[in-house]
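# Secondary and tertiary structure notes
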Amino acid sequence: MSEPGRTLPPSRTHPASDRLTRRVRHAGRLTCWSLATAMATAATNVILEPQTTWWTALWVVPWYLTGLSIPLWAVLRAREKAAQQSGQGDDLPRHWNKAA
């Protein structure tokens, strides 16, 4: 165990992979939050029916952001999975032998 107040250094095997994972996580959060905001603005538009000019232009912005963030997340996630598979390609047969 380490002494109180001291922390162990982080073990990072693939810093590029960690960066990609972080980007995937941020893109996923952007997708979720923009979709939630889009649904909230759509509900506000239906329930309150604001008639201001700025509202009619503003309430559709989260929908556009959602439409852009979904393909971004999908591309980043595919790259992350490809990077994980290329890094673990040699370990898979041994892992399967242990499981069998």
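Residues numbered from 1 in each chain as written. Predicted model: local features only at pLDDT ≥ 70, side-chain atom pairs only at ≥ 80, totals over all residues. Heavy atoms only, no water.

## Focus: the side chain of S34
Spelled out, the test is: The numbering of helices and of strands both runs from the N terminus, where a helix is a DSSP run of H or I of at least 4 residues and a strand a run of E of at least 2. Working rule for contacts: check all heavy atoms of both residues, and any pair within 4.5 Å makes them a contact.
As for its position among the elements, S34 is in helix α1 (residues 15-48). What S34 contacts, discounting residues up to four positions off in sequence, is P62, L65, T66 and S69.

## Some thoughts on unusual backbone geometry
For clarity, the threshold we go by: The buried label applies to any residue whose accessible area, calculated with a 1.4 Å probe on protein chains only, is under 20% of its type's maximum; exposed applies above 50%, and partly exposed to all values in between.
The phi dihedral of E49 is positive, around 50 degrees, even though this residue is not glycine. The class for E49 is exposed, based on a relative accessible area of 51%.

## Brief notes about the pattern of salt bridges
For clarity, the cut-off: Just to be clear on terms, a salt bridge is a Lys or Arg side-chain nitrogen sitting within 4 Å of an Asp or Glu carboxyl oxygen.
Applying the stated criterion to the full structure yields one salt bridge. With a shortest N-O distance of 2.5 Å, R77 and E80 are connected by a salt bridge. Taken together, the residues span about one helical turn, with R77 and E80 both in helix α3 (residues 61-87) at a distance of three residues. Judged by its relative accessible area of 27%, R77 is partly exposed. Take E80: its relative accessible area is 5%, and that puts it in the buried class.

## Looking at the packing of aromatic side chains
Here is the rule: Between the rings of Phe, Tyr and Trp (Trp by its six-membered ring), a pair exists once the centres lie within 6.5 Å; its type follows the angle of the planes, with under 30 degrees stacked, over 60 edge-to-face, and the other angles tilted.
Counted under the stated rule, the structure contains one aromatic pair. On the basis of an interplanar angle of 90 degrees and a centroid distance of 6.1 Å, the ring pair of W54 and W55 is categorised as edge-to-face. A relative accessible area of 57% means that W54 is categorised as exposed. Take W55: its relative accessible area is 10%, and that puts it in the buried class.

## Examining α1
Convention followed: Helix span, as expected, comes to 1.5 Å for every residue beyond the first.
In this model, α1 (34 residues) spans 48 Å end to end at C-alpha, consistent with the 50 Å of a helix rising 1.5 Å per residue. Every buried residue of α1 is accounted for by L20, V24, A27, G28, T31, S34, A38, T41 and A42. One or two steps after α1, the chain reaches E49, where phi turns positive at roughly 50 degrees.

## Topic: the side chain of T41
Relative to the helices and strands, T41 is located in helix α1. The class of T41 is buried, set by a relative accessible area of 13%. Apart from the residues lying within four places of it in its own chain, the contact partners of T41 are W55, W59 and P62.

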